[in-house]
Amino acid sequence: EVQLVESGGGLVQAGGSLRLSCAASGFTFDDYAIGWFRQAPGKEREGVSCISSSDGSTYYADSVKGRFTISSDNAKNTVYLQMNSLKPEDTAVYYCAAVGRSLLSLVTYEYDYWGQGTQVTVSS
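Residues numbered from 1 in each chain as written. Predicted model: local features only at pLDDT ≥ 70, side-chain atom pairs only at ≥ 80, totals over all residues. Heavy atoms only, no water.

Chemist: Explanation requested: the overall build of the protein in the structure shown.
Modeler: The helix and strand tally for the protein stands at zero helices and eleven strands. Secondary structure elements of the protein, listed N to C terminal, follow the sequence β-β-β-β-β-β-β-β-β-β-β. In summary, the protein has a C-alpha radius of gyration of 13 Å against a globular reference of 14 Å for 124 residues, a match within 12%. Within the protein, the proportion of its 124 residues that are buried is 43%. Residue pairs at least 24 apart in sequence account for 61% of intrachain contacts in the protein once pairs closer than 6 positions are excluded. Summing over all exposed atoms, the protein offers an accessible surface of approximately 6400 Å²; the carbon and sulfur share of this is 45%. (Helix = DSSP H or I, 4+ residues; strand = E, 2+ residues; numbered from the N terminus. Rg over C-alpha atoms; globule rule 2.2 N^0.38 Å. Buried < 20%, exposed > 50% of the residue type's maximum accessible area, 1.4 Å probe, protein only. Contact = heavy atoms within 4.5 Å. Areas by Shrake-Rupley, 256 points an atom, 1.4 Å probe, with all protein chains shown as cover.)

In structure tokens:
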């Protein structure tokens, strides 16, 4: 019954910003982790950022550190990814993923539930 619905993707020029949303439903775990991943054509899926419910700690891949910010709004059952100073190499399909336990990991197999993905295209 768990569903993750992503939104906020689109086309933006280099240096611009986008805010992605991941709305969760049917997710009643007390402990959880939410991760953002991305996959560009011809490339492996890579972790971007994650947040853990245990203490609200966050982690970022080096490639986005200082530019992206992950946050959550528990009242809205939504996790956000604020992306600033976007670069063409950020172009990818972005996925959110969830697991019903606390962790801080960007390893794909740690996550049980996945959204459908949203396209982010950064032009130069």
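Chemist: What should I look at first to understand the pattern of salt bridges in this one?
Modeler: Charged atoms that come close allow side chains of opposite charge to pair. In this structure the tally under the stated criterion is five salt bridges. Put simply, Arg-38 and Asp-90 hold a salt bridge, and the shortest N to O gap is 2.9 Å. Of this pair, Arg-38 sits in strand E4 (residues 33-39) while Asp-90 sits in the loop between strand E8 (78-83) and strand E9 (92-99); the two residues are 52 residues apart in sequence, bridging distant segments of the chain. For the pair shown, Arg-38 and Asp-90 are each scored as buried. Here Arg-101 ties to Glu-110 by a salt bridge, and the two come within 2.5 Å at their closest N and O atoms. The partly exposed category is assigned to Arg-101, whose relative accessible area is 39%. Taking relative accessible area as the criterion, Glu-110 reaches 23% and is therefore assigned partly exposed. Because the salt bridges share partners, they merge into one network encompassing Arg-38, Glu-46, Arg-67 and Asp-90. (Salt bridge = Lys/Arg side-chain N within 4 Å of Asp/Glu carboxyl O.)

Chemist: I tried to follow the sheet that holds strand E7 (residues 68-73) on my own but got confused; where do I start?
Modeler: Backbone hydrogen bonds are what pair the strands of a sheet, in a parallel or an antiparallel way. If you walk across this open sheet you meet the four strands as E1-E3-E8-E7, and the pairing is antiparallel. Of all the strands in the sheet, the pair left with one neighbour each is strand E1 (3-7) and E7. The average undirected angle you get between the axes of adjacent strands in this sheet is 15 degrees. For strand E3 (residues 18-25) and E8, the ladder comprises six bridges, and the chain directions are antiparallel. Looking at E8, one finds that Leu-20 is bridged to Leu-81. (Pairing = 2+ DSSP bridges. Axes fitted to C-alpha atoms, helices over the stretch in contact; angles between N-to-C directions.)

Chemist: Honestly, the side chain of Ser-105 in this entry has me stumped. Any pointers?
Modeler: Tracing the chain through its elements places Ser-105 in the loop between E9 and strand E10 (113-114). For Ser-105, a relative accessible area of 11% puts it in the buried group. Within the structure, the side chain of Ser-105 is placed 3.0 Å from the backbone nitrogen of Val-107, a separation counted as a polar contact. Beyond its immediate chain neighbours, meaning those up to four positions away, Ser-105 contacts Cys-50, Glu-110 and Tyr-111. (Polar contact = N/O pair within 3.5 Å; in protein donor to acceptor, adjacent residues only side chain to side chain.)

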